[in-house]
Amino acid sequence: MIDEALIRRFDLTIKIDLPTPIQVHSLVQYTIKDRFKFDNEKAKEEIINKECNNLSYYVIKQALLNAIKRNVLDGYDNNVIRTDIWKKLLHDKRIG
């Protein structure tokens, strides 16, 4: 998402690997900061281990934040993250 003209001005290349499941756990904990909980811990683990595979930190975090926003907009308890919504948002990013 960086302008190509800007990239051409630098000789340095930085490679950022996709996150491992352990790193995704850390990202999730950092993002929710004990303010939210998941409606289904088993489904959360499945999402982290399967659905987040080969997705970037940015995509995973944005999908998680959008799942939280959807809870509020849909009138659900705003402290619970619905795993079905998070999974759907990740799936949409994968095929979109």
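The rules we used
- Residues numbered from 1 in each chain as written.
- Predicted model: local features only at pLDDT ≥ 70, side-chain atom pairs only at ≥ 80, totals over all residues.
- Heavy atoms only, no water.
- Helix = DSSP H or I, 4+ residues; strand = E, 2+ residues; numbered from the N terminus.
- Expected span 1.5 Å × (residues − 1).
- Buried < 20%, exposed > 50% of the residue type's maximum accessible area, 1.4 Å probe, protein only.
- Arc of directions from axis to C-beta.
- Contact = heavy atoms within 4.5 Å.
- Salt bridge = Lys/Arg side-chain N within 4 Å of Asp/Glu carboxyl O.
- Core = buried A, V, L, I, M, F, W, Y, C linked by side-chain atoms within 4.5 Å.

Q: I keep staring at helix α2 (residues 21–32) and nothing clicks. Help me out?
A: The periodicity of an α-helix, 3.6 residues per turn, causes residues three or four positions apart to be oriented the same way. Taking 1.5 Å of rise per residue, the 12 residues of α2 would be expected to cover 16 Å, and the 16 Å separating its terminal C-alpha atoms lies within 8% of that figure. Considered for burial, the residues of α2 that qualify are Val-24, Leu-27, Val-28, Thr-31 and Ile-32. Angularly, the buried residues of α2 cover 115° about the axis, an arc narrow enough to put them on a single face. More than 90 degrees from the buried face of α2, the exposed residues found are Ile-22 and Tyr-30. Close packing links the buried residues of α2 with β1 (37–38), α3 (41–51), α4 (57–73), β2 (80–81) and α5 (83–95). Immediately downstream of α2, the backbone of Lys-33 shows phi near 45°, a positive value.

Q: Explanation requested: the pattern of salt bridges in the structure shown.
A: Any two side chains of opposite charge can pair, given that their charged atoms come close. Applying the stated rule across the entire model yields seven salt bridges. A salt bridge links Lys-15 to Asp-17, with the shortest nitrogen-to-oxygen separation between them at 2.7 Å. The network of salt bridges with shared partners includes Glu-41, Lys-44 and Glu-45.

Q: Please clarify how α4 should be interpreted in this entry.
A: Here α4 spans 24 Å end to end across 17 residues, near enough to the 24 Å set by a 1.5 Å rise per residue. Buried residues of α4: Val-59, Ile-60, Ala-63, Leu-64, Ala-67, Ile-68 and Asn-71, and no others. Of the surrounding secondary structure, the elements contacted by the buried residues of α4 are α2, β1, β2 and α5. A positive phi of about 85° marks Gly-75, the residue just after α4.

Q: Got a minute to help me understand the nonpolar core in this structure?
A: Note that soluble globular proteins tend to have their nonpolar side chains buried in a common cluster. Core analysis: the largest hydrophobic core is formed by 21 residues, its most contacted members being Val-28, Ile-32, Ile-60, Ile-81, Trp-86 and Leu-90. For this core, the elements supplying multiple residues, two or more each, are α2, α3, α4 and α5.

Q: I keep staring at the environment of Val-72 and nothing clicks. Help me out?
A: Among the structural elements, Val-72 can be located in helix α4. Considering only alpha carbons, one finds Val-72 and Lys-37, 35 residues apart in sequence, at a separation of 14 Å.

Q: I would appreciate a short explanation of unusual backbone geometry in the present structure.
A: We note that Lys-33 has phi near 45°; this positive angle belongs to a residue other than glycine. Mapped onto the secondary structure, Lys-33 falls in the loop between α2 and β1. When its relative accessible area of 46% is taken as the criterion, Lys-33 is described as partly exposed. Its identity is not glycine, yet Asn-54 carries a phi of approximately 65°, on the positive side. Along the chain, the position of Asn-54 falls in the loop between α3 and α4. On the basis of relative accessible area, Asn-54 is assigned to the exposed category, the value being 55%.

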